[in-house]
Amino acid sequence: MNTERYNLLLADDDEDDCLFFKEALDETSINATLSIVHDGVQLMNYLKSNISNNFPDVLFLDLNMPKKNGLECLAEIKADQKLQKLPVIIFSTSLDSEIVNNLYRNGASYYIRKPGDFSKLKKVLEMALTTASENNFKQPERANFILQP
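Residues numbered from 1 in each chain as written. Predicted model: local features only at pLDDT ≥ 70, side-chain atom pairs only at ≥ 80, totals over all residues. Heavy atoms only, no water.

J.: Would you mind going over the overall build of the protein chain with me for this structure?
T.: In terms of helices and strands, the protein chain carries 5 helices and 6 strands. For the protein chain, the α and β elements follow one another from N to C terminus as β-α-β-α-β-α-β-α-β-α-β. Against the 2.2 N^0.38 benchmark of 15 Å for 149 residues, the protein chain shows a C-alpha radius of gyration of 14 Å, consistent with a compact globule. If one aligns the C-alpha atoms of the protein chain with their principal axes, the spans along those axes are about 35 × 35 × 30 Å. For the protein chain, with 149 residues in total, the buried portion stands at 42%. Total accessible area on the protein chain stands at roughly 7,600 Å², and carbon and sulfur atoms take up 44% of it. Distance between charge centres in the protein chain, computed from 16 positive and 22 negative side chains, equals 5 Å. (Helix = DSSP H or I, 4+ residues; strand = E, 2+ residues; numbered from the N terminus. Rg over C-alpha atoms; globule rule 2.2 N^0.38 Å. Buried < 20%, exposed > 50% of the residue type's maximum accessible area, 1.4 Å probe, protein only. Areas by Shrake-Rupley, 256 points an atom, 1.4 Å probe, with all protein chains shown as cover. Lys, Arg positive; Asp, Glu negative; His and termini not counted. Charge placed at Lys NZ, Arg CZ, Asp CG, Glu CD.)

As structure tokens, this is what we get:
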């Protein structure tokens, strides 16, 4: 992995999942800072208030959040000219093929099903950032959309 420093944003309402994510990220070779928001309204406010300063390089987005869910946030991000280039990696427990297809059509960069195992989480985070970076954060072919450790 290159030595680039990533500014990552995690949008997830589950405190335990956020802690798990942060601890796993800290144990990878990824050079990153992590900011966390806990619902879709916080997420959209964060993005709009940080467009010119501290804007994230990548957003890890949970689907099931209060106030505004991940699907609504993705649609809003991709509809906003100032936000639409933000790479969005879906990070969710569900793996419904219809929802995954919808996320792909709506411009998500990758889809990760939250692993329950710490070592798998570390592996998939490294894989996500390495793969996305190698592809200049462009959306892959549909067959490569779901990342699995």
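J.: Could you clarify how one ought to interpret the nonpolar core in this entry?
T.: Generally speaking, soluble globular proteins have nonpolar side chains that are buried together. Core analysis: the biggest nonpolar cluster contains 24 residues, and Leu 43, Leu 47, Leu 59 and Leu 61 have the highest contact counts within it. Not counting residues up to four positions away in its chain, the partners in contact with Leu 61 are Ala 11, Leu 43, Gly 70, Cys 73, Leu 74, Val 88, Ile 89, Ile 90 and Phe 91. Within the second largest apolar cluster, 21 residues are counted, among which are Cys 18, Leu 25, Ile 30 and Leu 121. (Core = buried A, V, L, I, M, F, W, Y, C linked by side-chain atoms within 4.5 Å. Contact = heavy atoms within 4.5 Å.)

J.: Quick question: what am I supposed to make of the pattern of salt bridges here?
T.: Opposite charge on two side chains permits them to pair, given that their charged atoms come into close proximity. Applying the stated criterion to the full structure yields 8 salt bridges. Residue Lys 114 pairs with Asp 12 through a salt bridge whose shortest N-O separation is 2.6 Å. Pair noted here: Lys 114 is in the loop between β5 (110–113) and α5 (118–134) and Asp 12 is in the loop between β1 (6–11) and α1 (15–26), with a separation of 102 residues, a long-range link. Grouping residues by exposure puts Lys 114 and Asp 12 together as buried. Notably, a salt bridge pairs Lys 122 with Glu 27, separated by 3.2 Å at the nearest N-O pair. Residue Lys 122 is located in helix α5, and its partner Glu 27 is located in the loop between α1 and β2 (32–37); the two are separated by 95 residues in the primary sequence. Of the residues examined, Lys 122 reaches a relative accessible area of 22% and is grouped as partly exposed. Among the charged side chains, a salt-bridge network with shared partners connects Asp 12, Asp 17, Asp 62 and Lys 114. (Salt bridge = Lys/Arg side-chain N within 4 Å of Asp/Glu carboxyl O.)

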